[in-house]
Amino acid sequence: MQTLKQLDSQVAANLADVRAQIEQRAHDAGREPQQIKLICVSKTHPVEVLRKAFDAAGGEIDFGENRVQEAESKIAETSLRGAGWHLIGNLQANKARRAVKLFDVIQTLDSIDLAKRLDRLCAEEARAELPVLIQVRLADEATKAGVEESELPALVETIKECARLRLKGLMTIPPFFADAEQVRPFFRRLRELRDELRAQNVFADDAGELSMGMSHDYKVAIEEGATMIRVGTAIFGERAAR
Ligand SMILES: *Cc1c(COP(=O)(O)O)cnc(C)c1O
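Residues numbered from 1 in each chain as written. Predicted model: local features only at pLDDT ≥ 70, side-chain atom pairs only at ≥ 80, totals over all residues. Heavy atoms only, no water.

A. Representation of helix α6 (residues 152–161) in the model. Every buried residue of α6 is listed here: Leu152, Leu155, Val156, Thr158 and Ile159. Seen from one end, α6 has its buried residues packed into an arc of 160°, which puts them on one side. Seen from the buried face of α6, the exposed residues on the opposite side, beyond 90 degrees, are Lys160 and Glu161. Here the buried face of α6 lies against β4 (105–109), α5 (112–124), β5 (130–136), β6 (165–172) and α7 (184–199). (Buried < 20%, exposed > 50% of the residue type's maximum accessible area, 1.4 Å probe, protein only. Helix = DSSP H or I, 4+ residues; strand = E, 2+ residues; numbered from the N terminus. Arc of directions from axis to C-beta. Contact = heavy atoms within 4.5 Å.)

Below, the structure written as structure tokens:
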């Protein structure tokens, strides 16, 4: 087990390493590294650890948090001002207002009810625009969040009617396979769905983001077209159980 202090001093090196990997994989796949946004998944880690990454990145950084409550104090931290904040965990209805006030992007929109609620809360909170990604569940895993493919068109239609929501793209959390190659078909499928939606001009800035890939499979995700990868462990080390 690493102590917090050791872990902390490794963050800058890990971040540089992940960035180098992104560059390499992008080039190998014939893509531009700038097409791939790194979301540093900072859930469970204390603010001092986030600051290491923030400083190493010169403040040009995006963090991913999965709990509204936990993110609140981090986002309020003045020493992290200017960072981008992405909600990547399930959003419960009773936390939606706080999420609207806190996050730059909500990546886990997964129901018509939640879309309508977020739109209404944006109006109440005088927030003109809220960028969202739809979380898609591609495998038959009842325990996981996300809409099924068959539910996607109806949710997209609803978002179109929500004046303040900006549909940016799709996000998925595929089933875990130790062998990242086995995840490839899920990434490919998300890209196909994105391409179909893009052809219908439903995305706020027509490209359509693909948020997919975590520490153990982001290289495969880049090959399959990811434009946002969500990397925690490879940057911040193992998370303590909670
Ligand atoms: C925790 C988490 C990640 C990061 O996972 P790592 O394996 O630590 O890179 C990415 N996406 C989501 C939705 C997560 O909850």
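B. Summary view of the site of the ligand. Neighbouring the ligand are Val41, Lys43, Ile88, Met171, Ile173, Met214, Ser215, Arg230, Val231, Gly232, Thr233 and Arg239. Take Arg239: an N or O atom from its side chain is 2.8 Å from an oxygen atom of the ligand. For the ligand, the accessible surface in isolation is 390 Å², of which the surrounding protein chains cover 90%. (Near = heavy atom within 4 Å. Polar contact = N/O pair within 3.5 Å; in protein donor to acceptor, adjacent residues only side chain to side chain. Areas by Shrake-Rupley, 256 points an atom, 1.4 Å probe, with all protein chains shown as cover.)

C. Highlighting the nonpolar core. Ranked by internal contacts, the top residues of the largest apolar core, which has 71 residues, are Phe63, Phe103, Leu118 and Ile134. Not counting the four nearest positions on each side in its chain, Leu118 is found in contact with Leu91, Ala96, Val100, Ile106, Leu109, Leu130 and Leu165. (Core = buried A, V, L, I, M, F, W, Y, C linked by side-chain atoms within 4.5 Å.)

D. Just the pairing of β5, in detail. Burial within β5 is extensive, with seven of its seven residues counted as buried. Side chains Leu130, Val132, Ile134 and Val136 project from β5 onto one buried face, and the interleaved Pro131, Leu133 and Gln135 project onto a second face that is buried too. The parallel pair β4 and β5, bridged by α5, forms a crossover whose chirality is right-handed. (Right-handed = clockwise from strand over helix to strand, strands pointing away.)

E. Examining the environment of Glu124 more closely. Mapped onto the elements of the fold, Glu124 is located in helix α5. Spatially, the C-alpha atoms of Glu124 and Ile22 are 40 Å apart, while their sequence positions differ by 102 residues.

F. The arrangement of the pairing of β4 in detail. Burial runs high along β4: five of the five residues are buried. Pairing geometry for strand β3 (residues 84–87) and β4, over two bridges, is parallel. Residue pairing across strands places Leu87 opposite Ile106, the latter belonging to β4. Assessed by its sense of winding, the connection that carries the chain from β3 through helix α4 (residues 96–102) to β4 is right-handed. Inspection of the sheet shows β4 paired to β5 by two bridges, in the parallel sense. Within β5, the residue paired with Leu109 across the bridge is Ile134. (Pairing = 2+ DSSP bridges.)

The analysis is restricted to geometry; functional conclusions fall outside its scope.
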